[in-house]
Amino acid sequence: MKAVVVEGYDSIDNIHLKDVAMPDLPAGHVRVRIQAASVGFVDGLKVQGLYQTRDPLPFTPGTEFAGIVDAAAADVTGFAPGTPVMGMARSGGLAEYIAVPAAALVPMPDGIAPEVAASFRANYLTSLYALSERAALRSGEYLLVLGAAGGVGIAAVQLGKLLGARVIAAASTEEKRNFAIRFGADATVDYTQADWRDRLKTLTDGHGADVIFDPVGGEVSLQAFRSIAWNGRHLVVGFAAGSIPALPFNLPLLKGGSLLGVDLAQIPRREPEAYRRVMAQLFTWLTEKKLEPVVGKVFAFEDFREAFKTMQNRAALGKMVVRIG
Ligand SMILES: NC(=O)c1ccc[n+]([C@@H]2O[C@H](COP(=O)([O-])OP(=O)(O)OC[C@H]3O[C@@H](n4cnc5c(N)ncnc54)[C@H](OP(=O)(O)O)[C@@H]3O)[C@@H](O)[C@H]2O)c1
């Protein structure tokens, strides 16, 4: 089978499609014929060895995928060959086949295209868990989404609207701000401008942001926290800007605001009830067509490098997807 193989932590141009052996099917595992896999910010860091943990070389990148069950180990039930599934793994998604523990898979809801299923779970689960379980976002509250046109940001824009919030999307270019408007944002701010907090103040009638969804980090996080409303909640989601901000402790005191961490990887293990609740809500909205997940751009398998480069260049609108097979 064909797979993207990272043989050294190097430039994206030195990663190639190779012929590799089909994955084995140990007990408890399911082998999936992959139809689509997505490329997120973390995948871009991983192939360059810049992520906090390093996969031993060589490895196949890709943490989120969708496809059809090819075979299941004898001790696995519920995943008959031919079942459409979506899955998450530490790596291995950018390949024609992957074998994963059955627990890593979820049957694909009817009528969901593989490109959607491959780009849906991580970002929408993270966003809804953050907004509803961590921040308890209420209808009518002001939600400020930083990096609003990125993969996880645009999910927060859509889900914020579904939860009834007044959504203000912050992004660096007009194209990105228009993208956020297209998916439901009520207003936008250009947070590259020195006076962006004044505009935010005007947009919220002086109230500030009740909830801040922050996958960006760096200086903009500190500025955003200074514009938080009384009893506001600042969700720490990621550090796409490349630096981890240090918040002076007097600010939460003065603002009556809280800082809340969000980590997708820990949700199913630490909060299985919340995980089930959030996934059930997402699937309900999906099947009711209230939620139409954003698929950024779809690339052919042989063009997988372009998906990584688009992420690297800060040019991505939504999540990048690679079509396989
Ligand atoms: N906590 C969790 O469980 C969880 C889950 C998913 C993602 N994340 C994290 O969330 C962050 C965003 O992920 P994503 O997949 O949404 O990435 P993405 O699609 O690339 O979006 C990131 C956004 O950040 C903004 N940004 C600001 N400075 C940037 C820079 N120097 N380089 C790149 N982007 C920059 C960009 O918007 P502007 O150009 O408009 O500024 C961009 O749209 C990552 O750190 C990721 O690890 C965390």
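Treat the numbers as computed from the prediction; the structure is a model and nothing was measured.

On to the overall build of the protein chain. Of regular secondary structure, the protein chain possesses 10 helices and 15 strands. Relative to its length of 325 residues, the protein chain is compact, with a C-alpha radius of gyration of 20 Å against a globular reference of 20 Å. Taking the principal axes of its C-alpha atoms as reference, the protein chain extends roughly 60 × 40 × 35 Å. Looking at the 325 residues of the protein chain, the share that counts as buried comes to 53%. Summarising the internal contacts of the protein chain: among those between residues at least 6 apart in sequence, 71% fall at separations of at least 24. Carbon and sulfur atoms provide 52% of the accessible area of the protein chain, an area that totals close to 14,300 Å². Looking at charge distribution, the protein chain has the averaged site of its 33 positive side-chain charges lying 4 Å from that of its 33 negative ones.

This paragraph deals with the packing of aromatic side chains. Taken as a whole, this structure holds five aromatic pairs when the rule is applied. Measuring from ring centre to ring centre gives 6.3 Å for Y9 and F59, while their planes differ by 45°; the resulting arrangement is tilted. Here F59 lies in the loop between α1 (41-47) and β4 (64-72) and Y9 lies in the loop between β1 (2-5) and β2 (16-19), a separation of 50 residues in the sequence. Look at F59 and you get buried, because its relative accessible area is 7%.

Here strand β8 (residues 142-145) shows two buried faces, one formed by Y142 and L144 and the other by L143 and V145. In the sheet, β8 pairs with strand β9 (residues 166-171) via four bridges, with the strands oriented parallel. Looking at the pairing, L144 lines up with I168 of β9. You can see the chain leave β8, run along helix α3 (residues 151-162) and come back into β9, and the turn it takes is right-handed.

A separate point is the site of the ligand. Taken together, 23 residues surround the ligand, and among them S172, K176, Y191, L264 and R314 come closest. The backbone of V152 places a nitrogen or oxygen atom 2.9 Å from an oxygen atom of the ligand. A distance of 2.6 Å is found between an oxygen atom of the ligand and a side-chain nitrogen or oxygen belonging to K176. Of all elements in the fold, only α1 and α3 reach the threshold of two or more residues within the shell around the ligand. Of the residues in the shell around the ligand, the class split is 14 nonpolar, six polar and three charged.

What helix α4 (residues 174-182) keeps buried is the set K176, R177, F179 and A180. With its buried residues spanning 155° around the axis, α4 presents them on a single face. Residues of α4 that are exposed and angled more than 90 degrees away from the buried face: E174, E175 and R182. Residue G184 follows α4 closely and has a positive phi angle near 115°.

Once that is clear, we can look at the side chain of R121. Along the chain, R121 falls in helix α2 (residues 114-134). Lacking a salt bridge, the buried R121 has E64 as its closest oppositely charged neighbour, with an N-O distance of 6.4 Å. Within the local environment of R121, its side chain forms a polar contact with the backbone oxygen of A104, the two atoms lying 3.3 Å apart. Apart from residues lying up to four places away in sequence, R121 is in contact with E64, M86, G87, M88, A104, V106, T126, Y275 and M279.

Right, let's get into the sheet that holds strand β10 (residues 187-190). Sheet architecture is open: six strands sit in the order β10-β9-β8-β11-β12-β13, paired in parallel fashion. Edge strands, defined here as strands with exactly one partner in the open sheet, are β10 and β13 (258-261). Here the strands of the sheet are splayed against their neighbours by 20° on average, with no regard to which way each runs. Inspection of the sheet shows β9 paired to β10 by four bridges, in the parallel sense. When the sheet's bridge partners are listed, I168 is paired in β10 with A187.

Before going further, it helps to spend a moment on the domain arrangement of the protein chain. Parsing the protein chain into structural domains produces domain 1 (2-108 + 294-323) and domain 2 (121-266). Using only C-alpha atoms to locate each centre, domain 1 and domain 2 end up separated by 29 Å. Contacts between domain 1 and domain 2 engage 13 residues on the former and 16 residues on the latter. Regarding the contact of domain 1 and domain 2, the summed buried area is about 1,200 Å², with carbon and sulfur atoms giving 61% of it. In terms of surface lost to domain 2, no three residues of domain 1 exceed M88, V294 and L317, which account for 45% of the buried area on that side. Counting across the domain 1 and domain 2 interface gives zero salt bridges. The interface formed by domain 1 and domain 2 holds six residue pairs in polar contact (both at pLDDT 80 or more) in total. With three residues, strand β5 (residues 84-88) is the single largest residue contributor to the side of domain 1 that touches domain 2. Partitioned by chemical class, the residues of the side of domain 1 that touches domain 2 number eight nonpolar, two polar and three charged.

The rules behind these values
Residues numbered from 1 in each chain as written. Predicted model: local features only at pLDDT ≥ 70, side-chain atom pairs only at ≥ 80, totals over all residues. Heavy atoms only, no water. Helix = DSSP H or I, 4+ residues; strand = E, 2+ residues; numbered from the N terminus. Rg over C-alpha atoms; globule rule 2.2 N^0.38 Å. Buried < 20%, exposed > 50% of the residue type's maximum accessible area, 1.4 Å probe, protein only. Contact = heavy atoms within 4.5 Å. Areas by Shrake-Rupley, 256 points an atom, 1.4 Å probe, with all protein chains shown as cover. Lys, Arg positive; Asp, Glu negative; His and termini not counted. Charge placed at Lys NZ, Arg CZ, Asp CG, Glu CD. Phe/Tyr/Trp six-rings, centres within 6.5 Å; stacked < 30°, edge-to-face > 60°. Pairing = 2+ DSSP bridges. Right-handed = clockwise from strand over helix to strand, strands pointing away. Near = heavy atom within 4 Å. Polar contact = N/O pair within 3.5 Å; in protein donor to acceptor, adjacent residues only side chain to side chain. Nonpolar A, V, L, I, M, F, W, Y, C, P; charged D, E, K, R; others polar. Arc of directions from axis to C-beta. Salt bridge = Lys/Arg side-chain N within 4 Å of Asp/Glu carboxyl O. Axes fitted to C-alpha atoms, helices over the stretch in contact; angles between N-to-C directions. Domains from an automatic or database assignment. Buried area = accessible area lost by both parts, 1.4 Å probe.

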